[in-house]
There are 4 protein chains.
Amino acid sequence: MPRIGAERLAHRKNDIVAAARAVFTERGYEKTTMIDIARQAGVSDGLAYRYFASKRDLLQAVLDEFYARIIAHNEECVGRAIGFAARLETLIREHVRLLVEDTGLVRLFITEVRSLEGYQGSHTHELNRRYASILTDILVEGMEQGFVDPSVDGRLVRDMVFGGIEHLAWRRILSGQPVDVEEVAASITNLLLHGIKSNAQG
Amino acid sequence: MPRIGAERLAHRKNDIVAAARAVFTERGYEKTTMIDIARQAGVSDGLAYRYFASKRDLLQAVLDEFYARIIAHNEECVGRAIGFAARLETLIREHVRLLVEDTGLVRLFITEVRSLEGYQGSHTHELNRRYASILTDILVEGMEQGFVDPSVDGRLVRDMVFGGIEHLAWRRILSGQPVDVEEVAASITNLLLHGIKSNAQG
Amino acid sequence: MPRIGAERLAHRKNDIVAAARAVFTERGYEKTTMIDIARQAGVSDGLAYRYFASKRDLLQAVLDEFYARIIAHNEECVGRAIGFAARLETLIREHVRLLVEDTGLVRLFITEVRSLEGYQGSHTHELNRRYASILTDILVEGMEQGFVDPSVDGRLVRDMVFGGIEHLAWRRILSGQPVDVEEVAASITNLLLHGIKSNAQG
Amino acid sequence: MPRIGAERLAHRKNDIVAAARAVFTERGYEKTTMIDIARQAGVSDGLAYRYFASKRDLLQAVLDEFYARIIAHNEECVGRAIGFAARLETLIREHVRLLVEDTGLVRLFITEVRSLEGYQGSHTHELNRRYASILTDILVEGMEQGFVDPSVDGRLVRDMVFGGIEHLAWRRILSGQPVDVEEVAASITNLLLHGIKSNAQG
DNA sequence: AATGAATGAGTTTTCATTCAT
DNA sequence: AATGAATGAAAACTCATTCAT
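In every chain, residue numbers begin from 1 and rise along the written sequence. The lettering of chains begins at A and the numbering of ligands begins at 1, in the order of writing. In keeping with the predicted nature of the model, local features appear solely for residues at pLDDT of at least 70, side-chain atom pairs appear and are counted solely at 80 or more, and the whole-chain, interface and lining totals rest on all residues. Think of the side-chain values as coming from all heavy atoms in the structure, minus any hydrogens and water.

Points about the arrangement of the chains
1) Next: Contacts: residue pairs with any heavy atoms within 4.5 Å of one another. In this assembly chain B lies apart from chain C, the nearest approach of their C-alpha atoms being 21 Å.
2) Next: Taking C-alpha atoms only, the smallest gap left between chain A and chain D, which are not in contact, amounts to 31 Å.

Printed below as a string of structure tokens:
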């Protein structure tokens, strides 16, 4: 007599992950209790353990879901853009948007994911790799088409783009100033393409 | 008649701060216990409380000491360099060196300092501001001398430099690959100055 | 679907309060630990915190329960007695009985309740007031009926009765001598009514 | 080379007892730390242990000194009064004064002395006995001279007087109202002598 | 499947007491 | 005699996790 189908089960599980995301991003991993999460999900704390073996696993699920979502989103956006410059700016724009709209999740990611034991080789690491490859692919294509200087180190660009935007997002968060996503993305793209050097001097 | 002078006292205090730095950077703030720190310092846990009123205070001390050290170091290095490009590369180089040599501390800083209650307007915030101004000053000077395009947003550059190097350091740490500080600094400086665009296309 | 009903819940809570009463009265508030109480109640220390937010709260609960019990008991006994003298003696008798049977609780009350922060205006204060008013009401009635000298200060009488019995109870406890409640109550009532002065001299 | 004589030694000891009295009475025994006491006495915390083997011993010393003082004071005052009624009122007056002026010490006494292990047969118990005997002696004398009804139980009177005044003092402390020592003493004496019964009815 | 009562190890912090100097 | 650094044994309280119902 299966009264509750796989559908309902998955639904419950999603509820719990959603609740965990909400509380983790608000309070941070350490300061969040399983009861906080359960209450937020409208279930008992015991039930969470039916779906997730530990608090850590729940974090993993939140992070994976986040990654999957942004990879899908950004891949799609970039796929729709045509040409090197447009693709690059699109990715930068969507990444800025992400950081600005999902700061809590990003912070959670940054502070926790890297301390996840066995990160190397983990599913999360693989997702991370895939996310990064969106940019890498754009750069490789750009190089092949002659838009990008062949001496440029793709990994360095990746660090500057993702690290720089992260830093920017935090600074804005702290100061409370709103961010104009389009404008900031344009500026970053421009900076990345041409650097800071004055043409007069160059 | 204190037989144990202020010297020994300060020494002990330094021992405890050093131990705290070591353990905090290895395990993170939340996962570190006062007993861990005390044991590392070779003292009892009770003694740590003679010098620091709380675990939080100890973190503050670690962070402040760190900031003071790097500000002094980088200001001095930059001060010795002559000319815009040299100054910029010097700062980037020293920042890379810092992140690579002190990754744990940087991570601690990033994950904890920003969640410090009352960060805005705090002593730490002021130190942060001062550290950032080293780069800002270089850029302003560079603009005045015509090396930097006037349309460049200094804060954006700051984000790209500090955020990018941070990201780079982390990636290297995770992968365990060694970093050639001089080479990486040169690459970053070059990237920052000229961007990624191919001259052939530009 | 809670399988363990409110009944069981209340039962547990009562167990813990009872255990707290036992240990507090034996060892005093400060010297009692939550583990002492939990062990006495046959539960873990963590569980006590499910029911009471703090050790202080547990004390409050013990005190309130005590007060409620004695107010109900004494009001009922006094209500059944007819006439001023009988009412007065009844209250004195029941108060003596209380002190003799519940000395530990009374001591707890005396030593702790008065140092309770925010005692003034608290629920406990209100209960205290109500307990005191049982005697006050008897005295007022006695005055109206001409049994009590109008110049008598009711509050003073209250102090003599409650304070005196308290003192007596303690002395007896220390010496370990049994107390004949009826006899002592009669003596106190007599003393209170007529004073110590010899009629021969009066 | 005895540089510091017994005199200075005794002086130090007195300083420490005085400091202990001040802090104990203000904060209570449990909440007072040895460092509080040492600081108040202007000495190091280690030194206190040269004079007193433990915190408990220090409490004992404070209590003994207090007892010795009030016994001497009250015995002297009572000794100067002439006649039963005057002696009785004098003792009551001085006891009220004591409670009102030294509330902290009295509270300390009440809350701590009775939990002193081995109170029975202790020096403090002996002092207590002696203090009580001041009143007993007055009553015995009063009986012999026909002022006091022979059926009166001296111990009961003692309880009413000491317990009653204690209760009164606390009530006043809590309410913050000032106490007119002379007036209150007169009222209590009157109540004790004549009781509350209306003459009209008696 | 679902609950939430129950556990107990772990955390920060305090403080009486000791002892090298 | 005097100091105060140092200890370590608690204590209050929290929370991930388990399990009877």
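The discussion continues.
Examining the side chain of His-167 of chain B
1) Next: Where helices and strands are cited, they refer to DSSP runs of H or I of at least four residues and of E of at least two residues respectively, numbered from the N terminus. Along the chain, His-167 of chain B falls in helix α8 (residues 154-175).
2) Next: Burial status follows relative accessibility: with a 1.4 Å probe on protein chains alone, a residue under 20% of its type maximum counts as buried, one over 50% as exposed, and anything between as partly exposed. His-167 of chain B gets classed as buried once you look at its relative accessible area, which sits at 16%.
3) Next: The term polar contact refers here to a pair of N or O atoms within 3.5 Å; inside protein, the definition further demands a hydrogen-donor-capable atom paired with an acceptor-capable atom, and it admits residues adjacent in sequence only when both atoms are side-chain atoms. One polar contact links His-167 of chain B to Asp-159 of chain A, side chain to side chain, over a distance of 2.9 Å.

Details of the protein's contact with DNA strand F
1) Next: Whether a residue is near a molecule or strand depends on its heavy atoms: it is near if one of them lies within 4 Å of it. Around DNA strand F, the structure places 37 residues, and the nearest of them are Met-34 and Tyr-49 of chain A together with Arg-12, Ser-44 and Arg-50 of chain B.
2) Next: Sugar plus phosphate: this is where 63% of the atoms of DNA strand F within 4 Å of the protein reside.
3) Next: Within the side chain of Tyr-49 of chain C, a nitrogen or oxygen atom sits 3.1 Å from a phosphate oxygen of DNA strand F.
4) Next: In this structure, a phosphate oxygen belonging to DNA strand F sits 3.3 Å away from a main-chain N or O atom of Ser-44 of chain D.
5) Next: Polar here means any residue other than Ala, Val, Leu, Ile, Met, Phe, Trp, Tyr, Cys and Pro, which are nonpolar, and Asp, Glu, Lys and Arg, which are charged; Gly is therefore polar. Within the surface near DNA strand F, the residues separate by chemical class into 13 nonpolar, eleven polar and 13 charged.

A look at the protein's contact with DNA strand E
1) Next: Neighbouring DNA strand E are 36 residues; Tyr-49 and Lys-55 of chain B, Arg-12 and Ser-44 of chain C together with Met-34 of chain D lie closest to it.
2) Next: Restricting the count to atoms of DNA strand E within 4 Å of the protein gives a sugar and phosphate share of 64%.
3) Next: Within the side chain of Arg-12 of chain A, an N or O atom sits 3.3 Å from a phosphate oxygen of DNA strand E.
4) Next: Gly-46 of chain A is positioned such that a nitrogen or oxygen atom in its backbone is 3.4 Å from a base nitrogen of DNA strand E.
5) Next: Those elements giving two or more residues to the surface near DNA strand E turn out to be α1 (6-27) and α3 (45-51) of chain A, α3 (45-51) of chain B, α1 (6-27) and α3 (45-51) of chain C together with α3 (45-51) of chain D.

As for the relation of the copies chain A and chain B
1) Next: Copy-to-copy alignment: least squares on C-alpha atoms, limited to residues at pLDDT 70 or above in both. Rotating chain A by 178 degrees and moving it 0.1 Å along the rotation axis overlays it on chain B with an RMSD of 0.5 Å. Taken together, the rotation and translation relating the two chain copies correspond to the operation of a two-fold axis. Nearest to the rotation axis, the C-alpha of Gly-195 of chain A is located 1.7 Å from it, this being the minimum over chain A.
2) Next: Most of the interface of chain A is mirrored in chain B: 96% of its interface residues are interface residues there too.

Considering the interface of chain A and chain B
1) Next: At the interface, 46 residues of chain A touch 45 residues of chain B.
2) Next: Both sides of the chain A and chain B interface together cover about 4500 Å² of buried area, and 61% of this is carbon and sulfur.
3) Next: Any Lys or Arg side-chain nitrogen located within 4 Å of an Asp or Glu carboxyl oxygen qualifies as a salt bridge. For the interface between chain A and chain B, the tally reads three salt bridges.
4) Next: At the boundary of chain A and chain B, one finds 16 residue pairs in polar contact (both at pLDDT 80 or more).
5) Next: Breaking the side of chain A that touches chain B down by element, the ones donating at least two residues are α5 (84-101), α6 (103-112), α8 (154-175) and α9 (181-194) of chain A. Two parts placed together each lose some accessible area under a 1.4 Å probe, and adding up what both lose gives the buried area.

Quick notes on the domain arrangement of chain A
All names here are of chain A.
1) Next: Where each domain begins and ends follows an automated or database-derived domain assignment. Each assigned domain of chain A is listed with its residue range as follows: domain 1 (1-52) and domain 2 (54-194).
2) Next: Between domain 1 and domain 2, the contact holds 14 residues from the first and 15 residues from the second.
3) Next: Across the domain 1/domain 2 interface, buried area totals approximately 1300 Å², and carbon plus sulfur atoms make up 71% of it.
4) Next: When the area that domain 1 buries against domain 2 is broken down by residue, the three leading residues are Arg-21, Tyr-29 and Phe-52, summing to 47%.
5) Next: Across the domain 1-domain 2 interface, the total number found is one salt bridge.

With respect to helix α7 (residues 123-144) of chain A
Residues and elements named next belong to chain A.
1) Next: The span you would expect from a helix comes to 1.5 Å times its residue count less one. End to end, α7 covers 31 Å across 22 residues, agreeing with the expected 32 Å (1.5 Å per residue, within 8%).
2) Next: A residue's bend is the angle separating two fitted axes: one through the seven residues that end there, the other through the seven that start there. Its axis deflected by about 30 degrees at Ser-133, α7 carries its strongest bend there.
3) Next: Among the residues making up α7, those that are buried are Thr-124, His-125, Leu-127, Tyr-131, Ala-132, Ile-134, Leu-135, Ile-138, Leu-139 and Gly-142.
4) Next: Tucked into the core, α7 has its buried residues touching α4 (55-80), α5, α6 and α8.
5) Next: Directly beyond the C-terminal end of α7, a positive phi value near 80 degrees is found at Gly-146.

Concerning the nonpolar core
1) Next: Residues Ile-196 of chain A together with Ile-196 of chain B are the most contacted members of the largest nonpolar core, which totals 127 residues.
2) Next: Considering every element that reaches this core, the biggest residue donor is α4 of chain A, with ten residues.
3) Next: With residues up to four places along the chain from it excluded, the contact list for Ile-196 of chain A reads Leu-191 of chain A together with Phe-84, Leu-88, Leu-139, Phe-147, Val-148, Asp-149, Val-152, Val-157, Leu-192 and Leu-193 of chain B.
4) Next: By nonpolar core we mean a set of buried residues, namely Ala, Val, Leu, Ile, Met, Phe, Trp, Tyr and Cys, connected to one another through side-chain atoms within 4.5 Å. Counting residues in each nonpolar core, the second largest holds 126 residues, with Leu-135 and Ile-188 of chain C together with Ile-37 and Ala-41 of chain D among its members.

A look at the pattern of salt bridges
Pairing is possible between side chains of opposite charge, provided their charged atoms come close.
1) Next: Evaluation of the coordinates by the stated rule reveals 52 salt bridges over all chains.
2) Next: One salt bridge in this structure joins Arg-21 of chain C and Glu-65 of chain C, with 2.9 Å as the shortest N-O distance. Placement of the pair is Arg-21 of chain C in helix α1 and Glu-65 of chain C in helix α4 (residues 55-80), with a sequence separation of 44 residues.
3) Next: For Arg-21 of chain C, a relative accessible area of 23% gives the class partly exposed.
4) Next: In this structure, the salt-bridge partner of Asp-102 of chain C is Arg-69 of chain C, at a minimum N-O distance of 3.6 Å. Note that Asp-102 of chain C is positioned in the loop between α5 (84-101) and α6 (103-113) and Arg-69 of chain C in helix α4, a separation of 33 residues in sequence.
5) Next: Residues joined in a network through salt bridges with shared partners are Arg-93, Glu-94, Arg-97 and Glu-182 of chain A.

Here we look at the environment of Ala-169 of chain D
1) Next: For Ala-169 of chain D, the position within the fold is in helix α8 (residues 154-175).
2) Next: Sequence separation between Ala-169 of chain D and Ala-18 of chain D is 151 residues, and the spatial gap between their C-alpha atoms is 23 Å.

Let's talk about the side chain of Lys-55 of chain B
All names here are of chain B.
1) Next: You can see Lys-55 is positioned in helix α4 (residues 55-80).
2) Next: Buried Lys-55, no salt bridge; nearest opposite-charge side chain is Glu-30, N-O distance 5.1 Å.
3) Next: Here Thr-32 takes part through its backbone oxygen, which lies 2.8 Å from a polar atom of the side chain of Lys-55.
4) Next: Discounting residues that sit within four places of it in the chain, Lys-55 has contacts with Phe-24, Tyr-29, Glu-30, Thr-32 and Met-34. The convention is simple: Lys and Arg are positive, Asp and Glu are negative, and His and the chain ends are not counted.

Some remarks on the packing of α4 of chain A against α5 of chain A
Residue and element names in this part refer to chain A.
1) Next: Axis angles are defined between N-to-C directions and span 0 to 180 degrees, where every axis is a line fitted to C-alpha atoms and, for a helix, only to the segment in contact. At their nearest, the axes of α4 and α5 sit 9 Å apart, and the two run at 150 degrees to each other. Comparing their axes, α5 and α4 come out roughly antiparallel. Note that α4 runs across α5; the crossing there is right-handed. For the pair α4 and α5, the contacting residues are Phe-66, Ile-70, His-73, Asn-74, Cys-77, Val-78 and Gly-79 in the first and Arg-87, Thr-90, Leu-91, Glu-94, His-95 and Leu-98 in the second.
2) Next: Within the contact of α4 with α5, the residues separate by chemical class into six nonpolar, five polar and two charged. Relative orientations are named as follows: roughly parallel for angles under 35 degrees, roughly antiparallel for angles over 145 degrees, roughly perpendicular for angles from 65 to 115 degrees, and oblique for any other angle. In a left-handed crossing the near helix is turned counterclockwise from the far helix by less than a right angle, and in a right-handed crossing that turn is clockwise.

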